[in-house]
Amino acid sequence: MTVEPHLLPLSQLSSDMVDSAVAAAAATSGSAPLVSQDDMDLNKPSDMASGSSLEGHQRQMEQSIMTLERSGYRLRSINVPSRSILLGFDSSVCASDEIAIPTQLSEPVEPATEHPAVVHAIVGTFALDMFSYVLVVTDSRCRGTIAGSQIYEATAVAALPLSSSCAKAAFANMLRSVRKAGPGKRDSTPQSGDEGSDSSNLESALAASESVPKADGSTKPISAASLGWISPQFTKLFGRARTGSTSSTVGATPSPAEPSSSILAEEHLESPGEMSHTEEELTKTSSSIRRMEDRVLEEISRLFGDTGMLFSYSYDLTRSLQGKDGQMLASSGAPLALVADVDYWFNHHLQQSLMASGNVEWAVPMIQGSIQTAICEVPGGTSFQVCVLSRRNRRRIGMRYERRGANEQGHVANFVETEQVLSVAASGQQAHYASFVQTRGSIPFFWKQPPAGLHPAPVVLKSDDENAAVCAAHLQREIGRSGRQVLINLVEHKGREAVLGSKYASLVGQCVADELVDACMIRYIPWDFHHETRGMHYERLELLLEQLQREISNMGYHWRVGEQVLTKQSGVFRVNCMDCLDRTNVVQSAIARSVLNEQLVRLGVHVAPERGLAAYQGLEAMLNSLWANNGDYISRQYAGTMAMKGDFTRTGKRNFSGMMNDASYSLARLWISTFRDYFSQSVLDFILGNQKASDVFRTIIDLRSREPDYALQLSRAREAAVEASTAIVVHDGECVLLACIVHTPMALNTLKVRETADAVMVLTDRAVYICSYDYQLEKVSRFQRIELESMHTVQHGAYITDTLAPHSLDQARNHGVVLYFATVETQSDIKVALPSQPAEGAIASTPAEDLSPKVEGSISTQTTADPGDPAEERSASPNAAAAAAAAATSRKSFIACKLASEVQVVMQSVVPSSGTSVLVSLARLGALEGQSPELLAECVCSAIQSAKSRAGQVDASQFIVESPIISAATAKQSTSLVDKVSNRLYKALWV
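Residues numbered from 1 in each chain as written. Predicted model: local features only at pLDDT ≥ 70, side-chain atom pairs only at ≥ 80, totals over all residues. Heavy atoms only, no water.

### Observations concerning the overall build of the chain
When its secondary structure is counted, the chain shows 26 helices and 33 strands. As presented, the chain carries roughly 40,500 Å² of accessible surface, and 52% of it is formed by carbon and sulfur atoms. (Helix = DSSP H or I, 4+ residues; strand = E, 2+ residues; numbered from the N terminus. Areas by Shrake-Rupley, 256 points an atom, 1.4 Å probe, with all protein chains shown as cover.)

And the structure:
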C-alpha cells in the first residue's frame, strides 16, 4: 500500500510543521558552518544578513522608511538603521552612514499622518519631458521561498517627481495609498518568523525617527505630519516645471531638457489676463504633454505593480542554481547587484544612477516572470517543496505581435528561462536541491507577424545568409550558457505556420553545414503539436516524451546538498511554437513531470517509482497547478491573457469548456494587440533604455511601436539615401557642401508636407537638389535642381504641419526652409519637369504674410507648356515667343522643405588628402546632427548664402529672412472641422 503525501498550501503551513519538515544545509568547507540549520529552513527567511559581520555599506538594503526633506526624498534603511540615502530634486544621489536629521518643511505634508512611508525597494529613476521621477515599491507580497530566502512580488509602486514644486502633493498622495494597508505591512503569505523580524526592525526604526535631537540637546517627537502640507491644487502643482538646478553629481539621472517656453508658460496660469495668444497656445501644449506623461506613468505603474515583478533581498533571482557558479544559495548580506545577470535584471537601466554613484547596496535587482511554490509532506518526517520559477530575458522583451523573431545580436523575443526546483529535507539532515532548467523563445531569425485578424500570416525577412548568421549567434550564446541544445519546434507543418517551420529547419541545417555551430551540440526535433493532438487526443504527448526519454536521461539535472554540487545539467530543452506560450507550456510541463519523477526516485522520496507521479494523486494535481499558473503569468506578460490549453495543463484532460475559454482568449488577444500592445511595447523599451521619452510620446500619435534599434537602422538607411542621391543627381565637378534629410511636397508653391516620406536636400557650390528617395527600391524616384543664380531669397522659421501631437507644435522641433527662385522652363539644368499644379489640399498657398514685401509680385503656380497646344503655334510668332520667355523668367516660385526632427543625417564632401586621387567621399557631421531643426535650418540658410556669394553678388541683408512658414495659429485655422472633431475623439480615447 503506497503512502500518499499530504499536500499543504503555504497559507496553512504552521511553524511546527515547517520545523519538522525541513532541515538546514551548512557550508561544506573545513571552517565553521556559515549558515545555521534554522537559517536554511525552506520556509523561513534567512537571517544571515542580520547576523553577518559585514559593514553597513557592504550589505544589501531591504525595507526603508521614506521621508520628505527640503532637498529631496530621504530613505533610511530598516535592517541597517545607520544607513540612509537622499534622492535629490536635482537628480543627485547621496548616501549617508549616519541617521540624518530631516530638515522640516515650512508646512506639514498632512497633519493626520502617523507614520512615514515604508518603501520595500527602490525600482530606479527615469526622466520624462517635464520631470524626473523616482519609482519605489510601496507594497509587496511573499510568493514563496527558495533556500530559506523569501521571494516577493511587487503589488504597488509609486512614481514620485524629483521636483520641489510638486513633491509635497505627490508624497502625500503616496502616504494615503500606503496607509490603507498600514505601515510596513505586506500582503504576504504568513511565514514563521517573518512578521516578527520585520515588525521589530520597523518599530525600532520608527522609534528612532520619532525622536530628533533639538538644539538644546532635548528630543522633539516628530512624525510624517511635520514634513509638509497637501496642496489644494494638486493638479496645477504637478504640472509646474521643477525648479531644482541640474546637478553634475556622479550617478545623477539624465535631467529633462532645459524648460522650454511651453513649460515656463505654466507660471502664468494664475493670471490668464496677462497671457498673450502665443502663451495661451503654449499652455495648452504643456497641458497635453502632462496628460501624455500621466499616461506613461500609469503604464509604468501597471508594469511594475501588476505584471509579476519579483525581487528578493538575499537570493539572486537572475540566475538558476547551476548558473550561480559557486555562489552561495542565499546571499551572506552582500549586495545582489554585484552578482546579478544583466540579461534577466529587468530594472537594470533604471538603477544606473544608484550603480554609478556607488550605492549598489540600495539597488534591488528585479525580474519579470513567475514563481509558483507548493509543499508536500510525507508521513515519516520527509517533506519537499516544488518551485517553478520563470525569468524573462530583457534583451528583446516585448508584447506578442510587437516583438517576433530575433534581432541582429541573436536575442529572440519572449525568451524565458524556466527552472523547476525540488527542495527535500528530513529532520536532522541537510537539505537537498534539485534543479532542472528549460528555455522557450521565438524562432531565431528575422520574421514578423503583422497584427491583422485572429490568425495573421507570418512573414520571413531578410536573406538566408543574414538569417543564418543571427540563428547561429543565438545558438552559440545558448550553448555557451547551457550546453547542448535540444530544439523542439511545435509549429504546424502545413498552413500559415509552415513557412517558419521549414525555414527554421533549413537554417539549423545551414548553421551545422557551415560549421557555425557544433553539430554535436544541436538536435532539432520538429513535432506538429496541433496535428499530433488533433481531436483533443492530448495523451499523444506520451509519444513525444518517449522520443525525448534518452535526451532527458543524458541531460540530467543540477543536484546539490547545501553548497556541495553533486551533479550538473548538461544541456537544455529549447521549446518553441508561434507565441511560445500555450503549446510550449504544455510540453514543458510534461517534460518537467518526467524529470521530477526521476528526481524523487534518486533522492529516495518516491515509494512507488513504477507508478510515477500518478501514484500520488495530490502531487500530480499540485504540479499541474504550478505549471498552469506559470503559463498564465507568462501569457499575461506577453499576450495580455491567460494561457490557452490551461485545462489540460491543470487536469491532464482537454474538454469543451477549455476550448470555449481559448476562443475568448483569442478574441481578447486580438483586442489587446490592436489597441494596447503598441503603447505597452514603447513603455517597455523606454524602461529598458532602448527609447527616449519623446519616442514614447510619438507612439501615442503614430499608434505603433518601434524596434529598439529603430534609430540606428533609420540612421543607416538615411545615410545610404544621402549617398545614393548625391551619386545620382549631382553634376560632375560640383562639391557637396551640405546634405540632410527633409520632408517636402516635391511640388512648387505648396506647403503641404507628408512627414512619412523622406527627401534629401543637397547643397553644392552651384545648385540645390531636392531628391525624393524610395527606400524600398533604393533609388531616387524624382528630383529637382535649383540653380543658385536663380535663387533670390531663403526663409527659415516655424513649420507646423500637424496639430495633433503636442510635440508637433514645438517650434524648435518643427522648423523648415523655403527657397524662392525664378522659374525658367527652358533651363537646361532641370532634369525633371516641374509639376504644373500645386498639391491638392495645401494648408496655405503662400508663406507668411510678413514675408510678402520681400518678394515682389504675387507667387503663382509655375507656368508650363500646355500639352494640348501645337508646337507649331507656340513658335509661329517670334515676338510672341520672346514675350512668353520674358514672362516666364519674371515669375517667382518657391519650394518648401521641413527638416527631419529625429534621426537627422547631415553629410558633406571630404576631399582626399592625396592630390593624385580624384575620388570624393561623404562624411557625416555629428555636431550638426545632434542639434535642433531650428539651428540646423539656420545653418542651411547660411550655407546657401555663403555658396551663392562665392558664385556671384548677393545682398546679405535681404537674402535670408527669418519668419514663420506656418505658425501654430495658422495651422489650427487651416484644420478642417472633421479633423478637429477626430482630434478631440483621438485625445479622449488614447491620450
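So much for the structure itself; the text now carries on.
### Focus: the packing of aromatic side chains
This model, assessed by the stated rule, comprises 15 aromatic pairs. Ring centres of Phe-304 and Phe-346 lie 5.7 Å apart, and the angle between their planes is 75°; on these two criteria the pair is classed as edge-to-face. On the criterion of sequence distance, the pair formed by Phe-304 in helix α7 (residues 277–305) and Phe-346 in the loop between β12 (309–311) and α8 (352–356) is long-range, its members being 42 residues apart. A relative accessible area of 0% means that Phe-304 is categorised as buried. The class for Phe-346 is buried, based on a relative accessible area of 1%. The interplanar angle of 70° and the centroid separation of 5.6 Å between the aromatic rings of Phe-529 and Tyr-538 together place this pair among those described as edge-to-face. With relative accessibility at 0%, the residue Phe-529 sits in the buried group. Classification of Tyr-538 by relative accessible area gives buried; the value is 6%. An aromatic cluster of at least three residues, connected via ring pairs, comprises Phe-126, Phe-131, Tyr-133 and Phe-686. In this structure, Arg-295 is placed above the aromatic ring of Phe-679, and the distance from its NZ or CZ to the ring centre is 4.1 Å. (Phe/Tyr/Trp six-rings, centres within 6.5 Å; stacked < 30°, edge-to-face > 60°. Buried < 20%, exposed > 50% of the residue type's maximum accessible area, 1.4 Å probe, protein only. Lys NZ or Arg CZ within 6 Å of the ring centre and 35° of its normal.)

### Here's the deal with the side chain of Lys-324
Note that Lys-324 resides in the loop between β12 and α8. One buried charged residue, Lys-324, forms no salt bridge at all, with the nearest opposite charge on Asp-316 at 4.5 Å. There is a polar contact of 2.8 Å between the side chain of Lys-324 and the backbone oxygen of Asp-316. Look past the residues within four positions of Lys-324 in its chain and what remains in contact with it is Tyr-315, Asp-316, Arg-319 and Leu-329. (Lys, Arg positive; Asp, Glu negative; His and termini not counted. Salt bridge = Lys/Arg side-chain N within 4 Å of Asp/Glu carboxyl O. Polar contact = N/O pair within 3.5 Å; in protein donor to acceptor, adjacent residues only side chain to side chain. Contact = heavy atoms within 4.5 Å.)

### As for the confidence of the model for the chain
A residue-level look at the chain finds 67% of positions with pLDDT of 70 or above and a mean pLDDT of 75. For the chain, the element scoring lowest by mean pLDDT is helix α6 (residues 261–264), at 28; strand β19 (residues 484–489) scores highest, at 98. For residues 1–57, every residue scores under 50 in pLDDT, and the model assigns this stretch 130 contacts once sequence neighbours within four places are set aside. Low pLDDT (under 50) marks residues 187–275, which in the prediction has 182 contacts with non-local residues, meaning those over four places away or in another chain. (pLDDT = per-residue confidence, 0-100.)

### What to know about helix α17 (residues 677–687)
Most of α17 sits inside the fold, with eleven of its eleven residues counted as buried. Of all the residues in α17, the buried ones are Asp-677, Tyr-678, Phe-679, Ser-680, Gln-681, Ser-682, Val-683, Leu-684, Asp-685, Phe-686 and Ile-687. Following α17 by one or two positions, Gly-689 has its phi on the positive side, about 85°.

### Side note on the nonpolar core
If you look at the biggest cluster of nonpolar residues, it comprises 45 residues, and the most contacted ones within it are Phe-384, Leu-422, Phe-573 and Ile-591. Aside from chain neighbours lying at most four places away, what touches Phe-384 is Ala-374, Ile-375, Cys-376, Val-378, Leu-422, Ser-423, Val-424, Leu-600, Val-605 and Leu-619. Core analysis: the second largest hydrophobic core is formed by 40 residues, Leu-128, Phe-304, Phe-679 and Leu-688 among them. (Core = buried A, V, L, I, M, F, W, Y, C linked by side-chain atoms within 4.5 Å.)

### Looking at the packing of helix α12 (residues 541–555) against helix α13 (residues 582–602)
Axis separation between α12 and α13 bottoms out at 11 Å; the angle between their running directions is 55°. Classed by the angle they form, the pair α12 and α13 counts as oblique. Of the two possible hands of crossing, α12 and α13 adopt the one that is right-handed. Counted together, Leu-541, Leu-544, Leu-545, Leu-548, Gln-549 and Ile-552 of α12 and Val-586, Val-587, Ala-590, Ile-591, Ser-594, Val-595 and Glu-598 of α13 form the full contact between these two elements. The residue makeup of the contact of α12 with α13, split by class, is ten nonpolar, two polar and one charged. (Axes fitted to C-alpha atoms, helices over the stretch in contact; angles between N-to-C directions. Parallel < 35°, antiparallel > 145°, perpendicular 65-115°, else oblique. Left-handed = near helix turned anticlockwise from the far one by under 90°. Nonpolar A, V, L, I, M, F, W, Y, C, P; charged D, E, K, R; others polar.)

### Let's talk about the packing of helix α9 (residues 464–482) against helix α10 (residues 498–513)
The contact between α9 and α10 brings their axes to 9 Å, and the two run at 75°. Considering the angle they form, α9 stands roughly perpendicular to α10. Taken together, the residues of α10 that come into contact with α9 (itself represented by Asp-464, Asp-465, Asn-467, Ala-468, Cys-471 and Ala-472) are Lys-503, Leu-507, Gln-510 and Cys-511. Split by residue class, the contact of α9 with α10 holds five nonpolar, two polar and three charged.

### Re the pairing of strand β7 (residues 121–127)
In terms of burial, β7 is largely enclosed, as seven of its seven residues are buried. Pairing of β7 with strand β8 (residues 132–146), which is carried by six bridges, proceeds in the antiparallel orientation. When the bridges of β8 are listed, Thr-125 appears paired with Val-134. What sits between β7 and β8 in their antiparallel hairpin is a turn of four residues. (Pairing = 2+ DSSP bridges.)

### Focus: unusual backbone geometry
One non-glycine residue, Glu-515, adopts positive backbone phi at about 60°. In this structure, Glu-515 sits in the loop between α10 and β20 (522–526). In this structure, Met-746 is a non-glycine residue whose phi angle is positive, near 55°. Here Met-746 is to be found in the loop between β24 (736–743) and β25 (759–764). Looking at Met-746, the relative accessible area reads 5%, which means it is buried.

### Structural notes on α13
Taking 1.5 Å as the rise per residue, α13 with 21 residues should run 30 Å; its terminal C-alpha atoms sit 31 Å apart, in good agreement. With 18 of 21 residues buried, α13 is to be regarded as a mostly interior element. Gly-604 sits one or two residues past α13 and shows a positive phi near 80°. (Expected span 1.5 Å × (residues − 1).)

### Things to note about the side chain of Asn-585
Looking at the secondary structure, you find Asn-585 in helix α13. In terms of polar contacts, Asn-585 uses its side chain to reach the backbone carbonyl oxygen of Trp-627, at 3.0 Å.

### Structural notes on the pattern of salt bridges
Two side chains carrying opposite charge are able to pair once their charged atoms lie near each other. Per the stated rule, a full pass over the model turns up 30 salt bridges. Measuring nitrogen to oxygen at the nearest pair gives 2.5 Å for the salt bridge that ties Glu-417 to Arg-391. Of this pair, Glu-417 sits in strand β15 (residues 416–426) while Arg-391 is found in strand β14 (residues 382–392), placing the two residues 26 residues apart along the sequence. Across this residue pair, the class does not change: Glu-417 and Arg-391 are buried. One salt bridge in this structure joins Asp-685 and Arg-403, with 2.7 Å as the shortest N-O distance.

### As for the sheet that holds strand β2 (residues 64–68)
Read across the open sheet, the five strands follow the order β5-β4-β3-β2-β6; overall the sheet is antiparallel. A strand with exactly one partner marks an edge of an open sheet, and here the two such strands are β5 (93–96) and β6 (117–119). Each neighbouring strand pair of the sheet contributes to a mean axis angle of 25°, computed without reference to strand direction.

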